[in-house]
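The residues making up each chain are set out below.
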Amino acid sequence: MARLIRTEKEVEGKYTEQWIVVEEDSLDQWPEGPQTTVGRPAARVTGPARARGEAEYTADVQLPGMLHTAVLRSPHGHARVTRLELGPALEAPGVRGVLTPEECEHLTSEPGYPGEPVAAVAADTFAQAEAALARIDVDWEIVEPRLDPDDAVRREELIGEPQRYERGDADRGLAEADVVVEAEYRTQTVLHNALETHQSVCVWEGGRLTVYTSTQFIWGVRAEVAEHFGIPEDRVRVVCRYMGGGFGAKTTPGEYTYIAAQLARKTGRPVRCALTRREENLASGNRHATIQRLVAGAREDGTLTALGGEFTMAVGWDGFQSSTAGPMQMLYACDNVRTVEYGAKLNTGPNAAFRAPGFVEGTFGLECLLDELAAKLGLDPLELRRRNYADSDLVDDRPFSSKNLLECYRRAEPHWGRRDEVRARSEGPWRRGVGLASQIWYGAGGPPSYAWVRVGSDGRAHVITGGQDIGTGTTTALAQIAAEELGLPLDRVEISIGDSDRGPYASISAGSSTTPSLGPAVRAAAADVARQIVEVAAQRHDLEERVLSLRDGNVVSADGGSWGLEEITGLFDDAQIIGKGSRGPNPTGMRVLTFGVQVAEVAVDVETGEIRVERIAAIHDIGRVINPLGASSQVEGGIIQGLGHTLSEQRLLDPESGAVLTQTLDAYKLPTIADVPEIVTELLDIPDPHLTNLGAKGLGEPPIIPTAAAIANAIRDATGADVRSLPITREEMLRALEEARERERAVAGSAG
Amino acid sequence: MPELVVNGERHDVEGPAMRTLAETLREDLGLTGTKIACGEGHCGACTVLVDGAPTLSCITLVHAVGDREVTTIEGLRDHPLVDAFVRADALQCGFCTPGQIVSASALVRDQPEPARDDIRHAMAGNLCRCGTYPKIEEAILAVAADAD
Ligand code: FES
Ligand code: FES
């Protein structure tokens, strides 16, 4: 029977209440540890198609008569278009249509950041469309751009209201402290740079619109596009079968989708609108820069008496306000916490969620501050964290559904214990050290999400769901879950995703939620099929259902009977047995979170400021691990992105005009294979007993969260220098080293 | 009309002055395994072999290829690296992967037993935003070990 439930839903730390219908018979979780397929390493099921170059990404979609789009973007930080003459562009060779701000609300004649789209041209080839852009007659009235986030806060030019949070009395807590540390941390603007740029191909057929798009949420695109055109959602089909990376920036349709759809309608042709790499780095989102003014107070024994933070986030012209204060509010058992967050409105590209938005930045500040505190207290940094361990969630005053951070700390000890040996390897100008940082983040997933599973006459299963695999390995995890429940080897399970016409609703792939949201629905659907197969077998062989189960591709009975699955399902010729399943609610009244700790080893050349990260051990508690192989890849990927964020990546702006100076992958420094340290991954693999029929949480984001702080703390351990600004360029490193030397001289001076 | 030899087959192609090899392969010949991620020679996603040498097809003009042989991922589908990448999980979104495999194929041909540093040197021009690098190293080492 369908059950109507009102439940809480969380994405990227934002909670909403909503109604859901669940049909799931509650299933007991599998016992802890590896099962037959779940919990064992599996090569990804989409691997061969991707590696052989057969997988059709949005970038590869080619339709007969398809046109290509070039977009006129503002070259200015802030401007008004005073004249826009598209006639000459329309006359250009190959041009089939143009689009103006009057026709499309996603184009503007008052662009507020460099790269904001103003007009678009569709032509037979991209080269023709680009050539036609140059013919557009446009006059700009330039407005002085606002680029300074602190200035914007002073002027109260904000995106949204300031976010204020307080528990206890932070002033009193500071007054009661034996030791107080105060510091300002800064993080830079980081660009997502998924290798497949943002893009869509749109085609209209008889009043229906098909959108091929590189997205993290086909259903979200469907709803927003349908609303834009005022047509029923079921007249929009959204397809994303293979996706070349998103990292948070591809959760909405984006102007390119609307432009392509509108030009497709206007020209009667399929239209592609794909961002170039340079457009990608101008106008497709970013992790916003932050300024964090933090304070912590503690008693001599390390007990935190107060934490405080004022966070200014350079959100840009528009965008998502991520919770930079989250770690400070959530990570430690501190009774007195006060934070305020300001989102500065600036003439820079809108930010977009980027892998653990806010928590990457906020953890850098908080976990560096904790180490500065530990140094002042003369306490071991790991011990300081243990002494302030939170047994329950103090923000909402709720118990955790599961928390094994102490176990993570215990497992970190051997890595942390390498300190003396690592330091002893310092040589000449190269100083070595070890640092650590903790991780806290969401990752529960949530309803609604649905799946269908069918088993054919050949005894093979096919999982169908309208989710998408953005490169995280979701499809493989889902296939493993179905295989486990049906007692089938993995190679007898197919899976189809990424098409809103050909599968049920599934949730967004963001907020480390895909596997914990879709996985339980797939298991429920597989269990529904398994139940039907058992019922059929019981009737066919005159047995009681309770003596039958599915194992190794067979229906087996307790008395030793065994029939190949295909003998049972083959009864129906080419027909199938079909099951459906839904994602149940999250446990009420509990906080479902992920935890972890990373230990970094670095070497710093104190003469040149060069930094080498030599080793990172990552220990995370994410509930049950479905695919240890894919999970280790996720951890490595997160750490490597974190490494870029820590050492090399930075969007640079011209301070006068606001122009983006780092639009190419030459100027914007992503980590390469030569930059990668040794990475040791340990996942606790303890199912969350309260969370769904799997006990599995998400893993996409946790690994990127503590990396920067762990590296910065290792640098302090190696050199005594406090680096407080990301990326830690050589300049920042040398500045911090000089500051440390001055401090030493001052101490020596006062002692003498 | 210029001719182009791709994966052992001869094709007549159109070669307007600024047409790149990558565009020709993808749009005219339908060989979309070669990806374009930057279009200006900075990422390696578009790597193909030209007479065996790893070449960025997005900054190679098609008329400049002449009668040299082009090999794309479609011509390397049976290479042991493909299986090794899949087994080692050396791909996540997979968008960089064809380019990685093409580059790696030249490496293992020239250095059948590469050291880790050789791999890091040879593969540093192929960016992967998903961070599959440790597994790429493993995949290449596995192929080298199997060849023994
Ligand atoms: S697409 Fe050719 S190097 Fe990036
Ligand atoms: S696997 Fe995604 S860019 Fe390499």
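Residues numbered from 1 in each chain as written. Chains lettered and ligands numbered in written order. Predicted model: local features only at pLDDT ≥ 70, side-chain atom pairs only at ≥ 80, totals over all residues. Heavy atoms only, no water.

Draft legend 1. Representation of unusual backbone geometry in the model. The peptide bond linking Pro447(A) to Pro448(A) adopts the cis configuration, its omega dihedral lying at -5 degrees. For Pro448(A), the location among the structural elements is in the loop between strand E19 (430-441) and strand E20 (450-455). Residue Pro727(A) is bonded to the preceding Leu726(A) through a cis peptide linkage, with omega at -5 degrees. Among the secondary structure elements, Pro727(A) is positioned in the loop between helix H18 (707-719) and helix H19 (730-751). At Asp51(B), a position not held by glycine, the phi torsion is positive, near 45 degrees. Residue position: Asp51(B) is located in the loop between strand E3 (47-50) and strand E4 (53-56). (Helix = DSSP H or I, 4+ residues; strand = E, 2+ residues; numbered from the N terminus.)

Draft legend 2. Representation of the pattern of salt bridges. Inspection of every chain in the model, using the stated rule, returns 75 salt bridges over all chains. Between Lys35(B) and Asp60(A) there is a salt bridge whose closest N-O contact spans 2.5 Å. One end of the pair, Lys35(B), is in the loop between helix H1 (21-28) and E3; the other, Asp60(A), is in the loop between helix H1 (47-51) and strand E3 (67-73), on a second chain. Among the residues examined, Lys35(B) registers a relative accessible area of 1% and is labelled buried. Note that Arg172(A) and Glu176(A) form a salt bridge whose closest N and O atoms lie 3.6 Å from each other. Looking at Arg172(A), the relative accessible area reads 47%, which means it is partly exposed. (Salt bridge = Lys/Arg side-chain N within 4 Å of Asp/Glu carboxyl O. Buried < 20%, exposed > 50% of the residue type's maximum accessible area, 1.4 Å probe, protein only.)

Draft legend 3. Just the interface of chain A and chain B, in detail. Contact residues are listed per partner, giving 52 residues for chain A and 41 residues for chain B. Taken together, the two surfaces of chain A and chain B that pack against each other cover about 3800 Å², and 57% of this comes from carbon and sulfur. Together, Arg52(A), Leu195(A) and Ile673(A) form the three largest contributors to the area buried by chain A at its contact with chain B, with a combined 21%. Where chain A packs against chain B, one counts seven salt bridges. If you look at where chain A meets chain B, you find 25 residue pairs in polar contact (both at pLDDT 80 or more). Where the side of chain A that touches chain B is concerned, the elements lending two or more residues are H1, helix H8 (277-283) and helix H17 (628-647) of chain A. Ranked by residues supplied to the side of chain A that touches chain B, first place goes to H17(A) with nine residues. Taken together, the residues of the side of chain A that touches chain B break down into 24 nonpolar, 17 polar and eleven charged. (Contact = heavy atoms within 4.5 Å. Buried area = accessible area lost by both parts, 1.4 Å probe. Polar contact = N/O pair within 3.5 Å; in protein donor to acceptor, adjacent residues only side chain to side chain. Nonpolar A, V, L, I, M, F, W, Y, C, P; charged D, E, K, R; others polar.)

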